[in-house]
Amino acid sequence: MAEWGWVGFGFAVAYGGLAAYLVGLRRRLKAARRRREELR
Amino acid sequence: MTRQARLPLAAAVLLAAGLAAAMLAPPDRFQGNLQRLMYVHVPAAWLAYLAFAVTLVGSAGWLWRRTPGWDRLAAAAAELGVVFTGLALLLGSIWGKPVWGVWWTWDPRLVTTALLFFVYLGYLALRRAIVDREVRARRSAVLGVVAFVQVPIVHLSVVWWRGLHQPPTVLRPGDPTIDHRMLAALLLNVAAFTALFALLLRQRIELARLEAAAEDALAAAEQPLAGAAVQAPRLEEAPGRG
């Protein structure tokens with residue numbers, strides 16, 4: 001793989017990984033808020 | 001603009017600026033463009049240090065004050081620390097393959113970082129394994145304080161032992177041994193990752209607060225049934241008896 005290919009791969013993993021965690025966290029937050037409403 | 005919306009916007013702007021700076025910074029004399037991976041690998045590693053330092057503060061705060069807010073802070077930061085350490089390991093591997101020729105090697109920095117990752121993964125497992133909130137907070141606070149010892153060991157591993165990983169170029173005694181344009185791009189990316197960390201930490205603390213409230217609500221709902229659940233079954237109702 002060319003140099004820029006490795007760079008692109010690394011940046012995709014970094015930004016993609018952090019974005020995936022952020023999306024997952026927002027889903028967990030939404031589920032927790034829904035659960036709080038159900039328990040009220 | 002609301003105060004809530006400022007942090008996501010700042011993180012997005014800083015990440016975009018960091019990406020541009022990483023692409024515009026000069027290439028390395030020896031590694032060429034591959035060295036640009038430093039602009040995500042190093043911030044991920046530093047943010048892991050910061051996250052575990054926040055876990056240390058939260059753990060020490062809980063041991064001192066015994067208030068649940070400190071425990072939630074420690075737990076939230078530990079999860080983020082594991083994410084950033086995992087990312088630093090992955091990105092190091094992606095950088096290592098074209099430069100060293102291997103995805104993984106038993107280098108002291110790599111081994112100590114992997115150990116750091118697994119110990120804090122254990123911290124998260126410990127939190128899930130204990131139901132009693134007080135016991136969970138106490139045991140994880142002790143681990144949160146003790147486990148932090150690894151952070152300086154990871155950082156100094158490249159100084160103490162000889163290996164493939166390069167020694168520190170910025171967080172070292174004396175001036176940084178890095179081109180000032182590269183340093184500026186690196187610090188911009190560190191600022192971007194720090195803003196994202198603050199955003200994630202805020203949301204993870206909120207999640208921990210909601211989970212604690214749900215635990216309280218469930219405990220309150222189950223309270224009247226607790227006595228009934230331990231009553232012995234009456235003989236005539238027991239199964240298998242005519």
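What counts and what doesn't
By convention here, each chain's residues receive numbers from 1 onward along its written sequence. In the order they appear in the text, chains get letters beginning with A and ligands get numbers beginning with 1. Thresholds applied to this predicted model are a pLDDT of at least 70 for local features of residues and 80 or more for the giving and counting of side-chain atom pairs; totals over whole chains, interfaces and linings are not thresholded and use all residues. Here a helix means four or more residues in a row that DSSP labels H or I, a strand means two or more in a row labelled E, and each is numbered from the N terminus. With C-beta atoms placed from the backbone, the exposure class of a residue follows from how many other C-beta atoms lie within 10 Å of its own: 20 or more, buried; 12 or fewer, exposed; in between, partly exposed. Here contacts are defined at the residue level, using C-beta atoms placed from the backbone and a cut-off of 7 Å between them. Side-chain classes follow a simple rule in which Ala, Val, Leu, Ile, Met, Phe, Trp, Tyr, Cys and Pro form the nonpolar group, Asp, Glu, Lys and Arg form the charged group, and the remainder, Gly included, forms the polar group. Helix span, as expected, comes to 1.5 Å for every residue beyond the first. Working definition: the nonpolar core is a set of buried Ala, Val, Leu, Ile, Met, Phe, Trp, Tyr and Cys residues, joined through C-beta atoms within 7 Å. Axes here refer to lines fitted to C-alpha atoms; in helices the fit is confined to the stretch in contact. Angles between the N-to-C directions go from 0 to 180 degrees. Put simply, angles under 35 degrees are roughly parallel, angles over 145 are roughly antiparallel, angles from 65 to 115 are roughly perpendicular, and the rest are oblique. Definitions for this section: a left-handed crossing has its near helix turned counterclockwise from the far helix by less than a right angle. A right-handed crossing has that turn clockwise. Per-residue confidence from the predictor is reported as pLDDT, a score between 0 and 100.

## So, the overall build of chain A
Item 1. Within chain A, the regular secondary structure consists of one helix and zero strands.
Item 2. Overall, chain A is about 55 × 10 × 5 Å in size when its C-alpha atoms are taken along their principal axes.
Item 3. Across the 40 residues in chain A, those meeting the buried criterion constitute 10%.

## Re the overall build of chain B
Item 1. Counting its secondary structure elements, chain B contains eight helices and zero strands.
Item 2. Ordered by position from N to C terminus, the α and β elements of chain B give α-α-α-α-α-α-α-α.
Item 3. Across the 242 residues in chain B, those meeting the buried criterion constitute 36%.
Item 4. Excluding contacts between residues fewer than 6 apart, the proportion of contacts in chain B whose partners are at least 24 apart in sequence is 75%.

## Some thoughts on the interface of chain B and chain A
Interface extent is often summarised as the accessible area lost during association of the parts.
Item 1. Facing 26 residues of chain B, the contacting portion of chain A comprises 21 residues.
Item 2. Residue assignment for the side of chain B that touches chain A shows that the elements contributing at least two residues are α2 (38-65), α3 (68-100) and α7 (180-222) of chain B.
Item 3. With twelve residues, the single largest contributor to the side of chain B that touches chain A is α7(B).
Item 4. Here the residues of the side of chain B that touches chain A sort into 19 nonpolar, three polar and four charged.

## Considering helix α5 (residues 133-146) of chain B
Because an α-helix completes one turn every 3.6 residues, residues spaced three or four positions apart along the sequence face the same direction.
Item 1. Taking 1.5 Å of rise per residue, 14 residues should cover 20 Å, and α5(B) covers 20 Å from first to last C-alpha, within 8% of that figure.
Item 2. Turning to α5(B), its buried residues are Ala137(B), Ser140(B), Ala141(B), Leu143(B) and Gly144(B).

## Regarding the nonpolar core
Item 1. Within the largest apolar cluster, 65 residues are counted, with the highest numbers of intra-cluster contacts made by Ala44(B), Leu47(B), Ala48(B), Ala51(B), Phe84(B) and Leu91(B).
Item 2. When residues of this core are traced back to their parent elements, those giving at least two are α1 (3-39) of chain A together with α1 (3-24), α2, α3, α4 (108-129), α5, α6 (150-160) and α7 of chain B.
Item 3. With 17 residues, α3(B) is the single largest residue contributor to this core.
Item 4. If we skip the residues at most four places from it in the chain, Leu91(B) touches Gly10(A), Val13(A), Ala14(A), Leu37(B), Val40(B), His41(B) and Ala44(B).

## Description of the packing of α4(B) against α6(B)
All names here are of chain B.
Item 1. Where α4 meets α6, the closest approach of the two axes is 8 Å, and the angle between their N-to-C directions is 165°. Between α4 and α6, the crossing angle belongs to the class labelled roughly antiparallel. The element α4 and its partner α6 pack so that their crossing is left-handed. Facing Pro-108, Arg-109, Thr-112, Thr-113, Leu-115, Leu-116 and Val-119 of α4, the residues of α6 in contact are Gln-150, Ile-153, Val-154, Ser-157 and Val-158.
Item 2. Partitioned by chemical class, the residues of the contact of α4 with α6 number seven nonpolar, four polar and one charged.

## Digging into the confidence of the model for chain B
A low pLDDT score tells you not to read the predicted coordinates there in detail.
Item 1. Here chain B averages 90 in pLDDT, while 92% of its residues score no lower than 70.
Item 2. Both scores are given for the predicted complex: the pTM is 0.89, the ipTM 0.95.

## A short note on the environment of Ala114(B)
Item 1. Among the structural elements, Ala114(B) can be located in helix α4.
Item 2. Taking C-alpha positions, Ala114(B) is 25 Å from Ala137(B), a pair spaced 23 residues apart along the chain.

## Side note on the packing of α2(B) against α5(B)
Any two packed helices are characterised by how steeply their axes cross, that is the angle between the axes, and by the distance between the axes.
All names here are of chain B.
Item 1. Where α2 meets α5, the closest approach of the two axes is 8 Å, and the angle between their N-to-C directions is 135°. Comparing the axis directions of α2 and α5 gives the class oblique. Here α2 and α5 pass one another in a crossing that is left-handed. Residues Thr-55, Leu-56, Gly-58, Ser-59, Ala-60, Trp-62 and Leu-63 of α2 pack against Ala-137, Ala-141, Gly-144 and Val-145 of α5.
Item 2. Of the residues that constitute the contact of α2 with α5, the class distribution is seven nonpolar, four polar and no charged.

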